[in-house]
Structure formats: structure tokens, C-alpha cells
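Observations on chain architecture
What follows is the residue order along each chain.
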Amino acid sequence: REVNDEVTLAGGAFVDAPVSGGVGGAEAGTLTFMVGGTDANFEHSKTVLNEMGANIVHCGDVGTGEVAKLCNNMVLAISMLGVSEAMNLGEKLGMDPKVLAGIMNTS
């Protein structure tokens, strides 16, 4: 938000626009951008962001794009932790990890 203030004072326009989708999404042009900023700056930024992504979401004021990214990463981390714990438990209780992973990936 401090950067936004400095940019605005200098006469510029600012949005925060963290991205999700990885290398594959970048190569395919299917990235998701989580954008924080004024309505006008969001609309202006879409010209550029639409060239790189398929899902451009206005999250609210400056900083909310970063909030969305943080929350999204938190959910991903929690999910990864749960999968790791389940795989560890399954293996300790005698499951073949490949069989268990196959079940998890198809159920």
C-alpha cells in the first residue's frame, strides 16, 4: 500500500496483481491474476493481464490481491500437509503408497 501511495503521488496508476497457475499456466496463457486496486486501475490493467491470463479477478482495494494470494497459498499448504500426513499414516499401517496415492487421485 505504501508503494501505491508513492506511485499515486508521482501521477501513476498502481495495482497489486499476484498470479497463480505456474509455468504451465503461463505457457498456456491461462494464469489467474488476483488484482487489488481502484476500479479504474483494475480496468486499465486488464489490457495487459488478459494477454497472460484467462482469469482476471478484481479483489478490491490495493493490497487485496496479495491477501487473496496469501489465503490461496495457505489453503494449498494445508491441503499438502493433510495429504502428506495421510500418506505417512497409510504407509505406517501397511498400505502400499502407490496404491494409496492411486486411490486418493481417483476418488
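Here's what I pulled together on the structure shown here. Keep in mind that this is a model prediction, so the values were computed, not measured. (Residues numbered from 1 in each chain as written. Predicted model: local features only at pLDDT ≥ 70, side-chain atom pairs only at ≥ 80, totals over all residues. Heavy atoms only, no water.)

Here we look at the overall build of the chain
Across its full length, the chain holds five helices and three strands. Taken from N to C terminus, the helices and strands of the chain fall in the order α-β-α-β-α-β-α-α. Relative to the globule expectation of 13 Å for 107 residues, the C-alpha radius of gyration of the chain, 19 Å, shows a markedly less compact shape. In terms of overall dimensions, the chain has a C-alpha envelope of 65 × 30 × 20 Å along the principal axes. Within the chain, the fraction of its 107 residues that count as buried is 21%. (Helix = DSSP H or I, 4+ residues; strand = E, 2+ residues; numbered from the N terminus. Rg over C-alpha atoms; globule rule 2.2 N^0.38 Å. Buried < 20%, exposed > 50% of the residue type's maximum accessible area, 1.4 Å probe, protein only.)

Observations regarding the nonpolar core
Core analysis: the largest hydrophobic core is formed by six residues, namely Leu 31, Phe 33, Val 35, Phe 42, Leu 49 and Ile 56. When contributions to this core are tallied by element, the ones reaching two or more residues are β2 (31-36) and α3 (39-49). Of all the elements, β2 adds the most residues to this core, at three residues. (Core = buried A, V, L, I, M, F, W, Y, C linked by side-chain atoms within 4.5 Å.)

Some points on the sheet that holds strand β3 (residues 53-60)
One open sheet accounts for three strands, arranged β1-β2-β3; its pairing is mixed. Bordering the open sheet on either side are β1 (19-20) and β3, each of which pairs with just one other strand. Sheet analysis places β1 next to β2, joined by two bridges and oriented antiparallel. Considered in β2, the bridge of Ser 20 is made with Thr 32. The strands touched by α3 are β2 and β3; relative to β3, the strand with the most contacts, the crossing angle is about 165°. Across the sheet, helix α4 (residues 64-92) touches β1, β2 and β3, and the angle it forms with β2 is around 130°. (Pairing = 2+ DSSP bridges. Contact = heavy atoms within 4.5 Å. Axes fitted to C-alpha atoms, helices over the stretch in contact; angles between N-to-C directions.)

Some thoughts on a nonpolar patch on the surface
On the surface, Met 95, Val 99 and Ile 103 cluster together into a nonpolar patch covering about 230 Å² of accessible area. You can call Met 95 partly exposed: its relative accessible area is 33%. (Patch = residues over 30% accessible without salt bridge, like charges linked within 9 Å, V, L, I, M, F, W, Y side chains within 5 Å. Areas by Shrake-Rupley, 256 points an atom, 1.4 Å probe, with all protein chains shown as cover. Salt bridge = Lys/Arg side-chain N within 4 Å of Asp/Glu carboxyl O.)

A few points about α4
Spanning 29 residues, α4 covers 42 Å between terminal C-alpha atoms, matching the ideal 42 Å at 1.5 Å per step. Contact partners of the buried residues in α4: β1, β2, β3 and α5 (97-106). Positive phi shows up at Gly 94, right after α4, with a value of about 100°. (Expected span 1.5 Å × (residues − 1).)

A few points about the pairing of β2
Within β2, five of the six residues are buried, which leaves the element mostly enclosed by the surrounding structure. Pairing analysis gives six bridges linking β2 to β3, with the strands arranged parallel. Looking across to β3, one finds that Val 35 is bridged to His 58. Between the parallel pair β2 and β3, the chain is carried across by α3, and the sense of this crossover is right-handed. (Right-handed = clockwise from strand over helix to strand, strands pointing away.)

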